[in-house]
Amino acid sequence: MIRLGLVGVGKIAQDQHIPAIRGNPRFELVATASPHGSIEGIPAHADLAAMLAAPGGDAIDAVCLCTPPGVRAGLARMAIAAGRHVMLEKPPAASLSQVEALSRAARTAQISLMATWHSRETAAADAARAWLTGRQIAAVRIVWREDIRQWHPGQDWLLAAGGFGVFDPAINAFSLLTHILDGTLEVVAADLAVPANRVAPMEAKVTMLHDGQAPVTCDLSIAHPGTPQWDITIDTDAGTLRLSEGGHRLSIDDQPQTTDADGEYARLYARFAAMIDGGASEVDHRPLMLVADAMMVGHTRALPPFEF
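Residues numbered from 1 in each chain as written. Predicted model: local features only at pLDDT ≥ 70, side-chain atom pairs only at ≥ 80, totals over all residues. Heavy atoms only, no water.

**So, the layout of surface pockets**
Turning to step 1, where the next piece is worked out: Approximately 1200 Å³ is the volume attributed to the largest pocket.
Turning to step 2, where the next piece is worked out: Lining of the largest pocket is provided by 43 residues; of these, Lys11, Ile12, Trp151, His152 and Asp168 occupy positions nearest its centre.
Turning to step 3, where the next piece is worked out: The greatest single-element share of the lining of the largest pocket, amounting to 4 residues, is contributed by helix H1 (residues 11-22).
Turning to step 4, where the next piece is worked out: Residue composition of the lining of the largest pocket, grouped by class: 19 nonpolar, 14 polar and 10 charged.
Turning to step 5, where the next piece is worked out: Estimates place the volume of the second largest pocket at around 190 Å³.
Turning to step 6, where the next piece is worked out: Surrounding the second largest pocket, 15 residues form its lining, Arg135, Gln136, Ile137, His210 and Asp211 being those nearest its centre.
Turning to step 7, where the next piece is worked out: Classifying every residue of the lining of the second largest pocket gives 5 nonpolar, 6 polar and 4 charged. (1 Å grid on protein atoms, 1.4 Å probe; cavity = no way out; pocket = protein on both sides within 12 Å on 5 of 7 lines; lining within 4 Å. Points joined across faces, edges and corners; volume = space filled by probe spheres on them. Helix = DSSP H or I, 4+ residues; strand = E, 2+ residues; numbered from the N terminus. Nonpolar A, V, L, I, M, F, W, Y, C, P; charged D, E, K, R; others polar.)

Written out as structure tokens, the structure reads:
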């Protein structure tokens, strides 16, 4: 049994993490840390330091960090120093250097560190990777558009420094792309649209190259009203593959493909348990690197002020 402390009790924790923890017999949720939320019947603390210092805190084996990315690295460092295994919600931290520092700290402390990319954990993503293996890529088109008011209501941190803006959801597309495609991806241009009263972009157009040749175009927005669109379309020498609905539906040449049932967070927790058992870590920084590169090469333009 792995006794787990959950740090951050917001929407993603309530919707995904708590059901997955309760559905895995290897985990027991023994404490939470959040200034704003709690879970009935579970000891609640104001922050991670208080959770670890509380009676019973020394019995916690691992922590899962479901906080905004801007504070995640400091909390992970505290947990690693205390000898706790760590699961990081996506993105793993606010910068690549923070991810590298955490990876080094976990190796030194012989702690399991897992950077999660939940969108990869679908049967459709597995099938897409298998179908694409060995095929020549001609072009890739990503359309990742949603409404911030629906999916991140009132979350001002998303549009602040370290909040990622449109790249908070779009990094899911990048995590899928780096999972299903072999070869290299390089960012060559980006157009970033930032509200006049915010710091992070709400819209972005990003251009990449796959293996230095095939164009990859990305149309990204969190200012998209109505039905979200989360699609990746890949033209190959053997037909066109499309992953839609955020990686949950697969089609080949417009023909739907049958895949197994999904269980994104159940799969993440099963892997986390296996990592702890084997003394392993898994920290893939490639999706975050694509975001960082888009920010470095991007041109910015102003949007009207935005308020929730």
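**So, the sheet that holds strand S10 (residues 214-221)**
Turning to step 1, where the next piece is worked out: Across the sheet, 9 strands lie side by side as S14-S13-S12-S11-S7-S10-S9-S8-S15; this open sheet has mixed pairing. Every other strand in the sheet has two partners, leaving strand S14 (255-256) and strand S15 (299-303) as the edge strands with one partner each.
Turning to step 2, where the next piece is worked out: When strand S7 (residues 137-145) meets S10, the two strands line up parallel, connected through 6 bridges. Of the residues in S10, the one forming a bridge with arginine 145 is serine 221.
Turning to step 3, where the next piece is worked out: Sitting on the sheet, helix H5 (residues 123-132) is in contact with S7, strand S11 (229-236), strand S12 (239-244) and strand S13 (249-252), with an inclination near 160° to S12. (Pairing = 2+ DSSP bridges. Contact = heavy atoms within 4.5 Å. Axes fitted to C-alpha atoms, helices over the stretch in contact; angles between N-to-C directions.)

**A few points about the pairing of S10**
Turning to step 1, where the next piece is worked out: Pairing analysis gives 8 bridges linking strand S9 (residues 203-210) to S10, with the strands arranged antiparallel. Following the sheet pairing, threonine 207 is matched in S10 by threonine 217.
Turning to step 2, where the next piece is worked out: Counting the residues that bridge the hairpin from S9 to S10 gives 3 residues, and of these aspartate 211 lies at a positive phi of roughly 50°.

**Examining the packing of H1 against helix H8 (residues 264-278)**
Turning to step 1, where the next piece is worked out: Axis separation between H1 and H8 bottoms out at 8 Å; the angle between their running directions is 55°. Here H1 lies oblique to H8, going by the angle between them. The hand of the H1/H8 crossing is right-handed. Taken together, the residues of H8 that come into contact with H1 (itself represented by Ile12, Gln16, His17, Ala20 and Ile21) are Tyr265, Ala266 and Tyr269. (Parallel < 35°, antiparallel > 145°, perpendicular 65-115°, else oblique. Left-handed = near helix turned anticlockwise from the far one by under 90°.)

**A closer look at the pairing of strand S8 (residues 185-195)**
Turning to step 1, where the next piece is worked out: Two elements, S8 and S9, share 8 bridges in a ladder whose sense is antiparallel. For leucine 192, the partnering residue across the bridge sits in S9 and is alanine 204.
Turning to step 2, where the next piece is worked out: Direction of pairing for S8 relative to S15: parallel, over a ladder of 5 bridges. Looking at the pairing, aspartate 191 lines up with histidine 299 of S15.

**So, the pattern of salt bridges**
Turning to step 1, where the next piece is worked out: The tally for this structure, following the rule as stated, stands at 21 salt bridges.
Turning to step 2, where the next piece is worked out: Between lysine 90 and aspartate 168 there is a salt bridge, with its nearest N and O atoms 3.6 Å apart. Residue lysine 90 is located in the loop between strand S5 (85-88) and helix H4 (96-109), and its partner aspartate 168 is located in helix H7 (residues 167-180); the two are separated by 78 residues in the primary sequence. For the pair shown, lysine 90 and aspartate 168 are each scored as buried.
Turning to step 3, where the next piece is worked out: In this structure, a network of salt bridges that share partners links the residues Glu121, Asp126, Arg267, Arg271 and Glu282. (Salt bridge = Lys/Arg side-chain N within 4 Å of Asp/Glu carboxyl O. Buried < 20%, exposed > 50% of the residue type's maximum accessible area, 1.4 Å probe, protein only.)

**Quick notes on the nonpolar core**
Turning to step 1, where the next piece is worked out: The biggest cluster of nonpolar side chains holds 73 residues, and the ones touching the most others in it are Ile142, Phe167, Phe174, Val206, Leu220 and Ile234.
Turning to step 2, where the next piece is worked out: In terms of residues, this core owes the most to one element, H7, which gives 8 residues.
Turning to step 3, where the next piece is worked out: When sequence neighbours within four positions are dropped, the list of residues in contact with valine 206 reads Phe167, Val187, Ala189, Ala190, Val216, Thr217, Cys218, Leu220 and Ala294.
Turning to step 4, where the next piece is worked out: If you look at the next biggest cluster of nonpolar residues, it comprises 24 residues, including Val9, Leu29, Leu268 and Phe272. (Core = buried A, V, L, I, M, F, W, Y, C linked by side-chain atoms within 4.5 Å.)

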